[in-house]
Amino acid sequence: MAKTEAPRIAVLGGGPIGLEAALYGRVLDLPVTLYERGRIGEHVQRWGHVRLFSPFGMNATPLGKAAILADASDHQLPSDSECVTGKEYVASYLEPLAKTSRLKDVVHIECEVLYLGRYGLLKGDDHAESRRGHLPFRLLVREKNRERIDMADIVLDCTGTYGQHRWMGDGGIPAVGELAAEANISYGLEDILGVRRSAYAGKSVLVVGAGYSAATTVCNLAALSEEHLETSVVWLARGSGSQPIKRWANDPLRERDRLAAQANMLATRGDGNVEFHKQAILEAVETAGTDKGFHVTARCAGKPRTWTVDRIIANVGYTPGTRLHRELQVQESPITIGPAKLAAALLKQAGSDGLIIGAQGAEALGGPEPHFFVLGAKSYGRISCFFLRTGFAQIREVFAFLTGKPTLDLYQKR
Ligand SMILES: Cc1cc2nc3c(=O)[nH]c(=O)nc-3n(C[C@H](O)[C@H](O)[C@H](O)COP(=O)(O)OP(=O)(O)OC[C@H]3O[C@@H](n4cnc5c(N)ncnc54)[C@H](O)[C@@H]3O)c2cc1C
C-alpha cells in the first residue's frame, strides 16, 4: 500500500465469510466497515431449516469463538461435532459474532453496496498495477433508502451467490414462459416440512435439478407425502445417471451421504410418490397466475412429455452477481464467473470433493485490480462445492498477503 496510515477495509456481505474476514481485520487493528444488505447471515437464514453437512467445528474459527466467549463466557456454542441447521448456526454463532465488541460498531445491516469504482479513474484508465493501486475505491452505498459514497483502500467481496438464481431451460437460459412465470416458481430451498408445509401438502410438484438442494427438496416432499398422501413429485435431472446425486466413497460427511443415498433411493425405486426422469430438458412453462398451477413441456431421453403441476421448485443453482465490480479491472472466468486464476485452479481439480480442495493463495482471489478480492462462496462462482473452511483459509491468506507477513495465521495462535 502506498499510504502510511492503516488501509480502510470494506467487507461486502455479512455472511459467515464476511463476518470472519471483518473480525480478522479488527483483531489486526485495521479499520474495517462491513456492509450487509439484509440481516446477519441473510442467505443462510433463507435456507435456515436445512441442516449443514459439515459439523460446527468446520463452520467456525478459533478467532470467532474466542471473540464471542470473551464478551459472554457463558455463551453456549454448539459442540464441534454437531451438525446444526442454518437457523441454529445463525443464532448460536453468526449473530453473537456480529454483536461482539470487536464487530458491533463496524457491522452495518440493511446497508447495500450497489457499485464499486476507483476514485478519479474509469475502467479503462491506467493499468491495474500503476496508479489504480494508489487511489481509493468509491462505494455507492444505500442505507435506509438514502444513497452515499464511502471510500475504502481494500475491498473484500464476500457477497455470495444465493441472491441470484440460474434458469431451468436448456443451455442455461430461461425455458419458454419461465420469465413470465418466475414470480410463481420457487428457486430456493423451501421449508417444506415447516412454515411452507401448507403450500405443498397434497400438491403435485415439479422439481428440477440434481444437486444437494434438489435432493433436500425431493426428500422433504417424500416425507410430506407420508402424511399427505396426495403429495406427488415429478423430478427432472439433466444427467444420464439413474442415481442423480453423487456419492463419495467413504464420505466423511455423514449427513451429506445420508441425503444422497435417500434421494437416489427415491429416484430409483419407481413407486411411491416420486417420478424421476433423467436426461430431461425443460422446454416450456405456462401458468395462469399465482396458485393456478403450471403446464410444463419437457423432453426426457429425447421423448416429448407434458405435465400439469401445482408447484415448481427449480433447484438449478446460483450465479455470482457481477454488477458490483463492473467498473473495476477484474479478470473473471468465462466458465465460473469467479476470479479467473482461482477458476483455473478449481477447474484442474474438477470432479474432486470440495472438502479436500484447499485455498489457492490470495493472488488467485483477485487481479488485476489492486486490493480487490473475492472471497467465500462467490469466489467459486458457478462451482457449487465451496466449503466454509476453505473460506477461512482464504481469509488467512488474504491478510497474510496484505500485511506482507506470509506466515501470519491468527487461527493458529488460539
Ligand atoms: C443449502 C446450503 C447448504 C450449505 N451447507 C454447507 C455446509 O454444510 N458446509 C459448508 O461449509 N458450506 C455449506 N454451504 C456452502 C457455503 O458455505 C454457504 O453458501 C455459505 O453461506 C457461504 O458463505 P459466504 O459468506 O461466502 O456467502 P453468503 O452466506 O451467501 O453471504 C453473502 C452475504 O452478502 C450479502 N450481500 C449480497 N450482496 C450484497 C451487497 N451488494 N451489499 C451488501 N451485502 C450483500 C447477502 O445478503 C449475504 O448475507 C451450503 C450452501 C447452501 C446453499
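Refer to the structure printed above.
Numbering of residues starts from 1 in each chain and follows the order in which that chain's sequence is written. Reporting in this predicted model follows two pLDDT cut-offs: at least 70 for local features of residues, and 80 or more for side-chain atom pairs to be given and counted; totals over whole chains, interfaces and linings ignore these cut-offs and use all residues. Heavy atoms from the whole structure form the basis of all side-chain values; hydrogens and water molecules are not counted.

Student: Residue-level account of the packing of helix α1 (residues 16–27) against helix α12 (residues 388–403), with values.
Tutor: Helix axes are fitted to C-alpha atoms over the stretch in contact, other axes to C-alpha atoms as well, and angles between N-to-C directions run from 0 to 180 degrees. Helix and strand definitions here come from DSSP, where helices need a minimum of 4 consecutive H or I residues and strands a minimum of 2 consecutive E residues; each element is numbered from the N-terminal end. Between α1 and α12, the least distance of the axes is 10 Å, while the angle of their chain directions is 30 degrees. Relative to α12, the element α1 lies roughly parallel. In this structure, the crossing between α1 and α12 has a hand that is right-handed. Contacts between α1 and α12 involve Pro16, Ile17, Glu20, Ala21, Tyr24 and Gly25 from the first element and Leu388, Gly391, Phe392, Ile395, Arg396 and Phe399 from the second. Classification convention: Asp, Glu, Lys, Arg as charged; Ala, Val, Leu, Ile, Met, Phe, Trp, Tyr, Cys, Pro as nonpolar; all other residues, Gly among them, as polar. Partitioning the contact of α1 with α12 into residue classes produces eight nonpolar, two polar and two charged. Here the angle decides the label: under 35 degrees means roughly parallel, over 145 means roughly antiparallel, 65 to 115 means roughly perpendicular, and every other value means oblique. For any pair of crossing helices, the crossing counts as left-handed if the nearer helix is rotated counterclockwise from the farther one by less than a right angle, and right-handed if it is rotated clockwise. Contacts were defined at the residue level, with two residues in contact if any of their heavy atoms lie within 4.5 Å.

Student: How would you sum up helix α9 (residues 254–268)? Please name residues and give values.
Tutor: Count 3.6 residues to each turn of an α-helix, and residues three or four apart come out pointing the same way. Here the expected span of a helix is defined as 1.5 Å times the quantity of residues minus one. Relative to the 21 Å expected for 15 residues at 1.5 Å per residue, α9 spans 21 Å between its end C-alpha atoms, a close match to the ideal helical length. Burial here depends on accessible area, computed with a 1.4 Å probe over protein chains only, as a share of the maximum for the residue type. Under 20% is buried, over 50% is exposed, and the range in between is partly exposed. Every buried residue of α9 is accounted for by Arg256, Asp257, Leu259, Ala260, Ala263, Asn264, Leu266 and Ala267. Positive phi shows up at Gly270, right after α9, with a value of about 70 degrees.

Student: Explain α1 to me, using residue names and the numbers behind them.
Tutor: The end-to-end C-alpha distance of α1, which contains twelve residues, comes to 17 Å, matching closely the 16 Å that a straight helix rising 1.5 Å per residue would cover. Among the twelve residues that make up α1, eleven are buried, leaving the element largely enclosed by the rest of the structure. Downstream of α1 by one or two residues, Asp29 has phi in the positive range, about 65 degrees.

Student: Explain a nonpolar patch on the surface residue by residue, including any values.
Tutor: A cluster of nonpolar residues, Tyr119, Ile149 and Met151, forms a patch on the protein surface that exposes about 260 Å² of accessible area. Within the secondary structure, Met151 is located in strand β6 (residues 146–152). For patch detection, residues must exceed 30% relative accessible area and be free of salt bridges, and they are connected within 9 Å for like charges or within 5 Å for nonpolar side chains (Val, Leu, Ile, Met, Phe, Trp, Tyr). To be clear on the numbers: accessible area is Shrake-Rupley with a 1.4 Å probe, and residue cover counts the displayed protein chains and nothing else. Any Lys or Arg side-chain nitrogen located within 4 Å of an Asp or Glu carboxyl oxygen qualifies as a salt bridge.

Student: An account of the pairing of strand β4 (residues 111–118) is needed here, citing residue identities and associated values.
Tutor: With seven of eight residues buried, β4 is to be regarded as a mostly interior element. The criterion for strand pairing is that DSSP finds at least two bridges linking the strands in question. Where β4 meets strand β5 (residues 137–143), seven bridges bridge the pair, whose relative direction is antiparallel. Bridging across to β5, Cys111 finds its partner in Glu143.

Student: Go over the nonpolar core with me, naming the residues and quoting the values.
Tutor: Ranked by size, the top nonpolar core spans 57 residues in total, and within it Leu19, Tyr89, Leu156, Leu375 and Ile395 carry the most contacts. It is α1 that contributes the most residues to this core, seven residues altogether. When neighbours within four sequence positions are excluded, Tyr89 is seen to be in contact with Pro16, Val44, Leu52, Phe56, Asn59, Val84, Leu94 and Leu388. Here, nonpolar core refers to any group of buried Ala, Val, Leu, Ile, Met, Phe, Trp, Tyr and Cys residues whose side-chain atoms link them within 4.5 Å.

Student: Report on the sheet that holds strand β11 (residues 280–287), specifying residues and quantitative values.
Tutor: Here we have three strands laid out as an open sheet, ordered β11-β12-β13, and antiparallel in their pairing. The strands lining the two open edges of the sheet, one partner per strand, are β11 and β13 (303–309). Neighbour-to-neighbour, the strand axes of the sheet open up by a mean angle of 20 degrees, direction not taken into account. Relative to β13, strand β12 (residues 294–300) runs antiparallel, the two being bridged by seven bridges. Among the inter-strand pairings, Thr297 is bridged to a residue of β13, identified as Thr306.

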